[in-house]
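Listed here are the chains, written in short residue letters.
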Amino acid sequence: MQVETFLDHLKAGADRPAIVSDEGRFTYAELCRQIDVYAQTLAAQSVSDCCVLLVDNYSFNSVCLLFALWRRNNVVALSVPKSAEQLANLANAAGARFTVTGNGPQGFSVLANDNAGLPSTVEGLVSRRQAGFIVFSSGSTGPAKGVVHEAAPFFERYLKAEQCGAILAFLLFDHIGGLVTVLQALATHGTLVLPNERSPQEVGRCIETFKVQTLHVSPTLLNLATITGVFQTWDTGSLQRIYYGSEPSSSEAIQRIARTLPQVRLNQLYGMSEIGVLPCRGLDGDSAWMTVDDPAYSLRVVDGILQVRGATNMLGYLTGPGELSDDGYLITQDLAEERDGYFRVSGRAVDVINVGGKKVFPSHVESVLMGIDNVSDVVVYGQPNPLLGQIVAARFTLVEPESLEVFKPRLYAAIRDVLAAEQLPRLISVSDTPLFTSRFKKMRHPGVLSGS
Amino acid sequence: MLNEVKTLVESAVRQQDLLLSEPIDLSRGEDSPLYGVEGTIDSMTLVSIIVDTEEKIRHRFGAEVHLADTSHLPATATPFATLGTLCAYVMDRLASAVAGGEAQAI
């Protein structure tokens, strides 16, 4: 499907609200008009048929710019504002000929980049004059990687997506989850609600103010919102559905939400930058077991690792094709189990802790530790150890201040009969600072955690 | 300092009782076996004792000691065999860490 067909579908939204925020309320007709204006301006500046770095946060303006760039057959690398040096690095890595920066409601500026050599994964799209996009993985466990996608399969996928009504754009503009939130909202003629900032209280304010019906957030954000009383402070009666995903979920944290919001349907999703977000159906309610009904996707578990082949699989990384099976499945490096057509993800293979030859899954230990009184969040990670290879370390944030001398005995008394010896965290610390990234994903990088 | 280190190591050993079905037997004082041929604890508990001792040393003396790395010791050394050998080993590493810190300061 071409961009024009998708834009024609947006036009049919007419006077329905497409995007709302404190900035204003914009209809589909206004959205399409602004896309037209920007597309003409971009054409006049020859910003067509090439790779472009788009730098912006969510706004009516940035969504219009994204579609206008696609309309001019560009491959759009997405970034939120960063330092000039970081942006130059991203532009060079993507082979971006231009950097387009949104300037609030006034418009945008264009900066030419002469140094860009086009990576082969991007060149294929540009030579076929196909719209595409590049998202940079969060880099929470290493350096960021640029993931290249063709846009058309995403247009087709989201025209068939379920209605979401008013959906909050919580995940960031440069995140695959953030991008598909935009596509799902607009393709189903729903309303994209833009928050002023990414914080649990702002989520509550937006739900009340804009009558948000659907949330798509990370489990970490859901947990924070629950323990900070967001769902009690604000009127969240409009909420019907919460999509959560983007990291192995703590079942204890999800059960807290289910108890707090019994009327809301909780829907776990599975997605990553490399494959988009799959249309998942849970085995029951808030179960971690999921299946994908869409025949456009095939999933299988090989040697304990989930493999996915589907319409929205990436074309490749900026640096190469990625890890594929001989028959074209992406090897996700997510540990998974399969049962009767359903699968359950237990974490990243790279995160598994090897304690003297015994494997420990951080997500399992975290789900037990989250059940301890006064724990607001916890990250479990492997600490190198000369005797055992690695030992389990746990870094906590607490609801109320409690000294380590008091907390540790209480913790050990609660878990000694629940966890096996190798699963018990031997290194315990309490943090004053949050344990998650700006994308509300848990920080598992041992250097970040143990050094803090 | 020796007595202080002994108290601190013993408290790190005692701390493991929270995780064990039976407390570690220290009735033989410094001769109480820990990890080795006659030892009563497993490798996980030994690692816990080491981590907790390192933490207490850091907290009390402001020194970083790395007890699990025994690569510099002679092959016949048994630093974790008894409470006494562990205390002596901790004293030795603490003295090295303090001397290293002073040398750096100079």
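Residues numbered from 1 in each chain as written. Chains lettered and ligands numbered in written order. Predicted model: local features only at pLDDT ≥ 70, side-chain atom pairs only at ≥ 80, totals over all residues. Heavy atoms only, no water.

Asker: Could you give an account of the pattern of salt bridges, naming the residues involved and the relevant values?
Answerer: Residue and element names in this part refer to chain A. Tallied over the entire structure, the rule returns 20 salt bridges over all chains. For aspartate 49, the salt bridge identified is with arginine 129, shortest N-O distance 3.2 Å. Of this pair, aspartate 49 sits in the loop between α2 (28-44) and β3 (51-55) while arginine 129 sits in the loop between α5 (120-127) and β7 (132-136), and the two are 80 residues apart along the sequence. For the salt bridge of glutamate 150 with arginine 128, the shortest nitrogen-to-oxygen distance reads 4.0 Å. A residue pair is termed long-range when its members are at least 10 positions apart, and glutamate 150 in strand β8 (residues 146-150) and arginine 128 in the loop between α5 and β7 qualify at 22 residues. What you see here is one network of salt bridges that share partners, running through Glu4, Asp36 and Arg71. (Salt bridge = Lys/Arg side-chain N within 4 Å of Asp/Glu carboxyl O. Helix = DSSP H or I, 4+ residues; strand = E, 2+ residues; numbered from the N terminus.)

Asker: How would you sum up the sheet that holds strand β12 (residues 241-244) of chain A? Please name residues and give values.
Answerer: Residue and element names in this part refer to chain A. Read across the sheet, seven strands follow the order β2-β1-β10-β9-β11-β12-β13 without closing on themselves; strand pairing throughout is mixed. Every interior strand has two partners, whereas the edge strands, β2 (24-27) and β13 (265-268), have only one. Each adjacent strand pair in this sheet contributes to an overall mean axis angle of 20°, direction not counted. Where strand β1 (residues 17-21) lies against β2, four bridges are found, and the strand directions are antiparallel. Pairing of proline 17 across the sheet is with threonine 27, part of β2. Sheet contacts for helix α8 (residues 200-210): β1, β9 (166-168), β10 (191-193) and β11 (214-217); angle to β9, the most-contacted strand, approximately 165°. (Pairing = 2+ DSSP bridges. Axes fitted to C-alpha atoms, helices over the stretch in contact; angles between N-to-C directions. Contact = heavy atoms within 4.5 Å.)

Asker: Outline the domain arrangement of chain A, supporting the account with residue identities and numerical values.
Answerer: By a frequent convention, interface size equals the accessible area lost on bringing the separate parts together. Here chain A is partitioned into domain 1 (3-154) and domain 2 (352-450). Computed from C-alpha atoms alone, the centre-to-centre distance between domain 1 of chain A and domain 2 of chain A is 40 Å. (Domains from an automatic or database assignment.)

Asker: Quick rundown of the packing of helix α1 (residues 3-11) of chain A against helix α7 (residues 176-187) of chain A? Include the residues and the values.
Answerer: All names here are of chain A. α7 packs onto α1 with a crossing angle of 55° between their chain directions and a minimal axis gap of 9 Å. The orientation of α1 relative to α7 falls into the category oblique. Contacts between α1 and α7 pair Phe6, His9 and Leu10 from the former with Leu183, Leu186 and Ala187 from the latter. For the contact of α1 with α7, the per-class residue count stands at five nonpolar, one polar and no charged. (Parallel < 35°, antiparallel > 145°, perpendicular 65-115°, else oblique. Nonpolar A, V, L, I, M, F, W, Y, C, P; charged D, E, K, R; others polar.)

Asker: Any chance you could break down the packing of aromatic side chains for me, citing the residues and the numbers?
Answerer: Residue and element names in this part refer to chain A. According to the stated counting rule, one finds 11 aromatic pairs over all chains in the structure shown. Geometrically, the ring pair formed by phenylalanine 6 and phenylalanine 67 is stacked, given 5.9 Å between the ring centres and 5° between the ring planes. Placement of phenylalanine 6 in helix α1 and of phenylalanine 67 in helix α3 (residues 60-71) is noted, with a sequence separation of 61 residues between them. The same class applies to phenylalanine 6 as to phenylalanine 67, namely buried. A ring pair is formed by phenylalanine 67 and tryptophan 70, whose centres lie 5.4 Å apart and whose planes are at 90°; its orientation type is edge-to-face. Here phenylalanine 67 pairs with tryptophan 70, and both are found in helix α3, just three residues apart, close to one helical turn. Look at phenylalanine 67 and you get buried, because its relative accessible area is 0%. Through a chain of ring-to-ring contacts, the aromatic side chains of Phe6, Phe67, Trp70, Phe133, Phe154 and Phe155 assemble into a single cluster. Stacked on the ring of tyrosine 329, the Lys or Arg arginine 300 has its end atom at 3.7 Å from the ring centre. If you follow arginine 339 out to its NZ or CZ, it ends over the ring of tryptophan 289, 4.2 Å from the centre. (Phe/Tyr/Trp six-rings, centres within 6.5 Å; stacked < 30°, edge-to-face > 60°. Buried < 20%, exposed > 50% of the residue type's maximum accessible area, 1.4 Å probe, protein only. Lys NZ or Arg CZ within 6 Å of the ring centre and 35° of its normal.)

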